[in-house]
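Here is what each chain is made of, one letter per residue.
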Amino acid sequence: MADRRTDPSREDTGAAENRGISVLRNGISVLLCFSAREPLLGVTDIAARVGLHKSTVSRVLATLEQAGLVERAADSRRFRLGLGVIAMAGPLLADLDVRRVAHPVLRELTWRTGETSALMLWNGSEAVCVEQVPSPHEVKHTTALGTRYRTAASSSVRVFLAQLPGGTVRALLTSGTLVLPGLDETAVEAYLSQLDAMHGQGYATNYGETSLQEAGVAAPVFDHRGEVAAAVLASAPRFRVSPDRLPLLGEAVRVAAAQVTRRLGGHSPDGPRQRG
């Protein structure tokens with residue numbers, strides 16, 4: 001009987017498993033390089049970002065291309081995400097009750113405000129756009145479904161962070177998971193105070209803080225446990241939202257988020273937020 005500690009077949013199996021895991025990680029890393037801001041990337045760009053040799057990236061891209069997860073851009077040596085990604089995400093998006101019940105509310109919010117409305121979910125470190133109704137205006141702010149936001153000044157990020165214990169928020173900021181310019185202890189304390197104030201008014205704002213040309217307002221959607229399930233966001237070109245109009249837009253978003261909460265069978269938590 002072969003010694004299990006020195007069985008060559010077991011060593012070969014373990015090595016094969018490790019190689020398989022490594023290949024999977026490389027494929028995931030390559031896919032995560034693509035974003036709404038940079039939908040087209042070349043082999044050299046991707047290799048620099050994931051820290052792999054260009055030949056390795058080329059092999060990974062070839063495999064992903066066969067699966068329909070990436071495709072070559074026409075008349076270009078660069079790649080973009082393929083329709084296979086949508087096919088993979090389709091069952092998840094279709095199964096999101098909050099997305100289904102929120103859509104008619106987002107349509108009404110866009111009709112009432114004239115601005116783009118969206119539904120955002122929190123993945124533990126980022127706000128992710130899962131639904132959107134674009135503004136009818138020619139000049140507007142929109143974002144692709146699946147876009148992730150990790151800037152602390154984003155109104156949707158603020159909504160989610162306002163519901164978290166202070167220690168958790170501090171860890172996300174100091175670790176660099178979320179981006180906060182001029183990060184130091186004073187900036188963190190000031191940011192936590194802002195979250196408390198925005199939690200009290202029922203919505204969060206971003207008035208040219210992530211982009212001088214954009215204004216955003218977001219409000220929380222609660223589930224049946226009184227916990228934040230999503231955020232309703234309205235975004236607009238800043239020139240169309242004066243400081244006087246910002247509270248009006250905020251109230252419209254807060255009302256829309258409350259509608260989604262009711263449609264979900266949820267309720268807002270009782271009492272003020274206690275920071276841990």
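Remember, it's a predicted structure, so these values are computed and weren't measured experimentally.

Undergrad: Can you walk me through the overall build of the protein in this structure?
TA: Of regular secondary structure, the protein possesses nine helices and eight strands. When burial is assessed residue by residue, the protein has 39% of its 276 residues classed as buried. Taking contacts inside the protein between residues at least 6 apart in sequence as the whole, the part at least 24 apart equals 56%. Carbon and sulfur atoms make up 54% of the accessible area of the protein, which totals about 15,400 Å².

Undergrad: For this particular structure, what's the right way to read helix α3 (residues 54-66)?
TA: Over its 13 residues, α3 runs 18 Å from end to end, which matches the ideal 18 Å to within 8%, given 1.5 Å per residue. Those residues of α3 lying buried are T56, V57, V60, L61 and L64. When α3 is viewed along its axis, its buried side chains cluster within an angular range of 135 degrees and face the same direction. Exposed positions of α3 whose direction lies more than 90 degrees from the buried face are R59, T63 and Q66. Looking one or two places after α3, you find G68, whose phi comes out positive at around 80 degrees.

Undergrad: Just to check I follow, could you spell out the pattern of salt bridges for this structure?
TA: Any two side chains of opposite charge can pair, so long as their charged atoms come close to each other. Scanning the model with the defined rule gives 14 salt bridges in all. The partner of E185 in a salt bridge is R170, and the shortest N-O contact between them spans 2.8 Å. Taken together, the positions of E185 in helix α8 (residues 185-201) and R170 in helix α7 (residues 166-174) put the pair 15 residues apart, joining distant regions of the chain. Residue classification places E185 among the partly exposed positions, given a relative accessible area of 48%. According to the relative accessible area criterion, R170 is partly exposed, its value standing at 25%. Residues E189 and R170 are paired through a salt bridge, measuring 2.5 Å at the closest nitrogen-oxygen approach. With E189 in helix α8 and R170 in helix α7, this pair connects stretches of sequence that are 19 residues apart. Taking relative accessible area as the criterion, E189 reaches 35% and is therefore assigned partly exposed. Salt bridges linked by common partners bring E115, R240 and R245 together as one network.

Undergrad: Explanation requested: the pairing of strand β4 (residues 127-133) in the structure shown.
TA: Each regular strand displays side chains that alternate between the two surfaces of the sheet. Most of β4 sits inside the fold, with seven of its seven residues counted as buried. Here six bridges tie strand β3 (residues 116-122) to β4, and the two strands are oriented antiparallel to one another. Bridging from a neighbouring strand, L119 pairs with E131 of β4.

Undergrad: What is the right way to read the packing of aromatic side chains from this model?
TA: The description of an aromatic ring pair uses the distance of the two centres, along with the angle that the planes make with each other. Applying the stated rule across the entire model yields one aromatic pair. Pairing W122 with F160 gives two aromatic rings, centres 5.4 Å apart and planes at 25 degrees, and the pair type is stacked. Placement of the pair is W122 in strand β3 and F160 in helix α6 (residues 155-161), with a sequence separation of 38 residues. In this structure, R238 is placed above the aromatic ring of Y207, and the distance from its NZ or CZ to the ring centre is 4.5 Å.

Undergrad: What's the story with a nonpolar patch on the surface in this structure? I'm lost.
TA: On the surface, L24, I28 and L32 cluster together into a nonpolar patch covering about 300 Å² of accessible area. Take L32: it is sitting in helix α1 (residues 8-32).

Undergrad: Any chance you could explain helix α5 (residues 97-113) here in plain terms?
TA: Since the α-helix packs 3.6 residues into each turn, any two residues three or four apart lie on the same face. The end-to-end C-alpha separation of α5 is 25 Å, in line with the 24 Å expected for 17 residues at 1.5 Å each. Of all the bends in α5, the greatest, near 40 degrees, is centred on H103, and the proline P104 appears no more than four residues after it. Along α5, the positions that sit buried rather than exposed are V98, R99, V101, A102, V105, L106, L109, T110 and T113. In the stretch just after α5, G114 is the one whose phi turns positive, near 80 degrees.

Undergrad: Teacher, can you tell me more about the sheet that holds β3 here?
TA: Within a beta sheet, neighbouring strands are joined by backbone hydrogen bonds and run either parallel or antiparallel to one another. Pairing within the open sheet is antiparallel, and its six strands lie in the order β5-β4-β3-β8-β7-β6. One side of each edge strand has no neighbouring strand; the edge strands of this open sheet are β5 (148-149) and β6 (204-207). Seen against the sheet, helix α9 (residues 246-264) touches β6, β7 (214-222) and β8 (228-237) and runs at an angle of roughly 30 degrees to β7.

Criteria and cut-off values
- Numbering of residues starts from 1 in every chain and runs along the sequence as written.
- Totals for whole chains, interfaces and linings use all residues, but because this is a predicted model, local features are given only for residues with pLDDT of at least 70 and pairs of side-chain atoms are given and counted only at 80 or more.
- Calculation of side-chain values draws on the structure's entire complement of heavy atoms; hydrogens and water are dropped beforehand.
- By the criteria applied, helices consist of DSSP H or I runs no shorter than four residues and strands consist of E runs no shorter than two, each listed in order from the N terminus.
- Only protein chains enter the accessibility calculation, which uses a 1.4 Å probe; a residue is then buried when its area is under 20% of its type maximum, exposed when over 50%, and partly exposed in between.
- Contacts are residue-level and defined by heavy atoms, with any inter-residue pair within 4.5 Å sufficient.
- Computed with the Shrake-Rupley method and a 1.4 Å probe, the accessible areas treat only the protein chains shown as cover for residues.
- Working rule for helices: expected span equals 1.5 Å times residues minus one.
- In this context, the arc is that of the directions from the helix axis out to the C-beta atoms.
- Here, a salt bridge means any Lys or Arg side-chain nitrogen found within 4 Å of an Asp or Glu carboxyl oxygen.
- Strand pairing is assigned whenever DSSP identifies at least 2 bridges connecting the two strands.
- The rule is short: rings of Phe, Tyr and Trp, with Trp giving its six-membered ring, pair when the centres are within 6.5 Å, and they are stacked under 30 degrees, edge-to-face over 60, tilted in between.
- Should the NZ of a Lys or the CZ of an Arg lie within 6 Å of a ring centre and within 35 degrees of the ring normal, that charge is described as sitting over the ring.
- Two distance rules govern patches: like charges are joined within 9 Å, and nonpolar side chains (Val, Leu, Ile, Met, Phe, Trp, Tyr) within 5 Å, applied only to residues with over 30% relative accessible area and no salt bridge.
- Here the bend at a residue means the angle between the axes of two seven-residue stretches, the one that ends at it and the one that starts at it.
- Helix axes are fitted only over the stretch in contact, all axes being lines through C-alpha atoms; the angle between N-to-C directions runs from 0 to 180 degrees.

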